[in-house]
Structure formats: C-alpha cells, structure tokens
Amino acid sequence: MPKIAERELIEQISKALKEMTIPQKTLEYLKIEMNKSHENKKLFHENAMANLKREHAKIQTKVETMYEDRLEGRITPETYDTKVQEMKQKQVDILKQMELHERADKNYYIQLGRLLDLASRAHELFTRSKLDQKRRLLQSLLSNLTLSGKKLSISWQEPYNVI
C-alpha cells in the first residue's frame, strides 16, 4: 500500500470541498426562491389551519346542540353518548393535524437554509479550522473516504451528495 502524506489528503479534501461551494449569487438566488416558496407554503398553512379551526368549532357546536337535544329528550342517552364520542374523536384528530402543520411549517426552511450555508462555506470552514474541528465538519459532510493508491474517493452524506 503506497504511503500518502497527510498534507496530500487534506489538499484532496479541500479541493472537493471547494468544488461543493455554491457561488454567492446562486446562494442568494436560492434563498430568495426559498423565501418565495416559504411564503406560498405559509399561506397554504394559514388556510389549512383556519379550515381546521372552523371544523373544530363546528363540531363543538354540534356537541352542544346534541346536549340540548339530550336534555330535551329528543335523543336517547345512548345515542348522545355514541355521537359525542364520535365527535370528540374527530376533534382530537383535528388537533393532531393542527399540531403536525405547526411543526412541519417551522423546521423545513430553517434546515434547508442551514444546509445551503454549510455547503457554501464548507471549504472556508475547513481551511480555517483546527484538526478536531475539521474532523467534526467532515463527519457531518462525508459518509465514506476510500484511498486508491494516492487518489482519495469521497462519498458525501445525504443531502450533500446532490450538491
């Protein structure tokens, strides 16, 4: 097995990181498009939440009406219990959907922005870092390194493998 100097490995890694750098104009364009997309998604999210809240309130009104019907003797206690159970389950399902909307809306674009920033600055961060910081950076970006002779083959972690 041929020997290779650490400096040569670092140069090869540095070159690969430099190739992954996203030009500033492209990065700015991507962030603008992400913001536009986020605004559209936010509008969709707000509409979905409003519809879910209306549906929840509508069900609550039905439960209250059924209670009055039960008190007036228009429906039996058994029918009331069955229907209220169904309605309460629908309300629980709606609250779960609302919670999912809330979580999904916040995280996606934050993570995407961080990913783009890291990909764009990986070379700069690598060249300015101390050895232990370089190791952590590479652990987050790379899935595998293979040495064939003096040529280093790099496999990237997802999603960096598509950049």
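For the structure itself, look to the data block above.
The sections below set out a description of the structure shown in this document.

About the thresholds
- Residues numbered from 1 in each chain as written.
- Predicted model: local features only at pLDDT ≥ 70, side-chain atom pairs only at ≥ 80, totals over all residues.
- Heavy atoms only, no water.
- Helix = DSSP H or I, 4+ residues; strand = E, 2+ residues; numbered from the N terminus.
- Rg over C-alpha atoms; globule rule 2.2 N^0.38 Å.
- Buried < 20%, exposed > 50% of the residue type's maximum accessible area, 1.4 Å probe, protein only.
- Contact = heavy atoms within 4.5 Å.
- Areas by Shrake-Rupley, 256 points an atom, 1.4 Å probe, with all protein chains shown as cover.
- Lys, Arg positive; Asp, Glu negative; His and termini not counted.
- Charge placed at Lys NZ, Arg CZ, Asp CG, Glu CD.
- Expected span 1.5 Å × (residues − 1).
- Pairing = 2+ DSSP bridges.
- Salt bridge = Lys/Arg side-chain N within 4 Å of Asp/Glu carboxyl O.

### What to know about the overall build of the protein chain
Helix and strand content of the protein chain: four helices and two strands. Starting at the N terminus, the α and β elements of the protein chain follow one another as α-α-α-α-β-β. A globule of 163 residues ought to have a C-alpha radius of gyration of about 15 Å, yet the protein chain, at 28 Å, is considerably larger. In terms of overall dimensions, the protein chain has C-alpha extents of about 90 × 35 × 25 Å along its principal axes. Split into buried and exposed, the 163 residues of the protein chain put 26% on the buried side. Nonlocal contacts in the protein chain, meaning residues at least 24 apart in sequence, comprise 66% of its contacts between residues at least 6 apart. Summed over all atoms, the accessible surface of the protein chain reaches about 11800 Å², with 53% contributed by carbon and sulfur. Charge-centre separation for the protein chain: the mean point of 30 positive side chains lies 9 Å from the mean point of 24 negative side chains.

### Some words on helix α2 (residues 24-72)
For α2, built from 49 residues, the straight-helix expectation of 72 Å at 1.5 Å per residue is met to within 8% by its first-to-last C-alpha distance of 71 Å. All of the buried residues along α2 are L27, M34, H38, H45, A48, M49, L52, I59, V63, M66 and D69.

### Description of the pairing of strand β2 (residues 151-156)
Alignment of strand β1 (residues 142-148) against β2, held across six bridges, turns out to be antiparallel. Paired with S148 across the bridge in β2 is K151. Between β1 and β2, which follow one another and run antiparallel, lie two residues, and G149 among them has a positive phi close to 70°.

### Focus: the pattern of salt bridges
Considering all chains together, one arrives at seven salt bridges under this definition. Linking E124 and R121 is a salt bridge whose minimum nitrogen-to-oxygen distance equals 3.6 Å. Here E124 pairs with R121, and both are found in helix α3 (residues 77-128), just three residues apart, close to one helical turn. Note on E124: relative accessible area 31%, which makes it partly exposed. Judged by relative accessible area, which is 39%, R121 ranks as partly exposed. Bridged by salt links that share partners, the residues R121, E124 and R128 form one connected network.

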